[in-house]
Amino acid sequence: MMAEALACPGGGSHNSGDHSLCSSICEQYSYLPFANISRIMEKASPADSKITKDTKKVVQGRTSEFIISFITRESVTWKVYVLR
């Protein structure tokens, strides 16, 4: 079975020569918006607390990875269920 090229929102594919450009564009689209993550973190923490930008970036990355893996797992489960 041949592996298909992954399409990027900015055009091109992962199998083409513009891999670095494509991966930076795809990485940009694979994270949840930074402002949304910051707002949720600030609402959940005490009013007098400070959250560093690095902490927000780490939480953004981990939250995005979790949601992407959750959606992927659920879609695979649903596909297996439908094919039965």
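Residues numbered from 1 in each chain as written. Predicted model: local features only at pLDDT ≥ 70, side-chain atom pairs only at ≥ 80, totals over all residues. Heavy atoms only, no water.

Colleague: Could you clarify how one ought to interpret the pattern of salt bridges in this entry?
Modeller: Opposite charge on two side chains lets them pair, provided their charged atoms get close. For the coordinates displayed, the defined rule picks out two salt bridges. For E42, the salt bridge is made with K56, and the minimal N-O distance between the two is 3.0 Å. Of this pair, E42 sits in helix α2 (residues 34–44) while K56 sits in helix α3 (residues 53–83), placing them 14 residues apart in sequence. E42 gets classed as partly exposed once you look at its relative accessible area, which sits at 46%. (Salt bridge = Lys/Arg side-chain N within 4 Å of Asp/Glu carboxyl O. Helix = DSSP H or I, 4+ residues; strand = E, 2+ residues; numbered from the N terminus. Buried < 20%, exposed > 50% of the residue type's maximum accessible area, 1.4 Å probe, protein only.)

Colleague: Can you walk me through a nonpolar patch on the surface in this structure?
Modeller: A surface patch of nonpolar side chains, amounting to about 380 Å² of accessible area, comprises F66, I67, F70 and I71. With respect to the helices, strands and loops of the structure, F70 is situated in helix α3. Residue class for F70 comes out partly exposed when judged on its relative accessible area of 38%. (Patch = residues over 30% accessible without salt bridge, like charges linked within 9 Å, V, L, I, M, F, W, Y side chains within 5 Å. Areas by Shrake-Rupley, 256 points an atom, 1.4 Å probe, with all protein chains shown as cover.)

Colleague: What am I meant to see in the confidence of the model for the chain here?
Modeller: If pLDDT is low for a region, its predicted coordinates should not be looked at in detail. On average, residues of the chain score 78 in pLDDT, and 65% of them are at 70 or above. Predicted confidence for residues 1–7 stays below pLDDT 50, and this span has eight contacts to residues more than four positions away or in other chains. The low-confidence segment residues 9–14 (pLDDT under 50) makes 16 contacts with residues lying over four places distant or belonging to another chain. (pLDDT = per-residue confidence, 0-100. Contact = heavy atoms within 4.5 Å.)

Colleague: So what exactly am I meant to see when it comes to α3 here?
Modeller: Along an α-helix, residues three or four positions apart point the same way, because every turn accommodates 3.6 residues. If you check α3, its first and last C-alpha atoms are 45 Å apart, about what 31 residues at 1.5 Å a residue would give, namely 45 Å. Those residues of α3 that are buried are in contact with α2. (Expected span 1.5 Å × (residues − 1).)

Colleague: Sorry if this is basic, but what is going on with α2 here?
Modeller: Of all the residues in α2, the buried ones are I37, S38 and M41. Relative to the axis of α2, the buried residues are bounded by an arc of 100 degrees and lie together on one face. Across α2 from its buried face, at more than 90 degrees, point the exposed residues I40 and K43. Packing partners of the buried residues in α2 comprise α3. (Arc of directions from axis to C-beta.)

Colleague: Just checking my understanding: could you explain the environment of R39 for this structure?
Modeller: Relative to the helices and strands, R39 resides in helix α2. Judged by its relative accessible area of 42%, R39 is partly exposed.

Colleague: Help me out: how do you make sense of the packing of aromatic side chains in this one?
Modeller: Remark: the centre distance and the inter-plane angle together describe each pair of aromatic rings, the angle taken between the planes. Taken as a whole and assessed by the stated rule, the structure comprises two aromatic pairs. Seen in terms of ring centroids, F66 and F70 are 6.2 Å apart; in terms of plane orientation they differ by 25 degrees. Their pairing is stacked. Here the residue F66 and the residue F70 both occupy positions in helix α3, the gap between them amounting to four residues, near one helical turn. Ring geometry for W78 versus Y81: centroids 5.4 Å apart, planes at 35 degrees, classification tilted. Taken together, the positions of W78 and Y81, both in helix α3 and three residues apart, correspond to about one turn of that helix. Like W78, the residue Y81 is exposed in the burial classification. (Phe/Tyr/Trp six-rings, centres within 6.5 Å; stacked < 30°, edge-to-face > 60°.)

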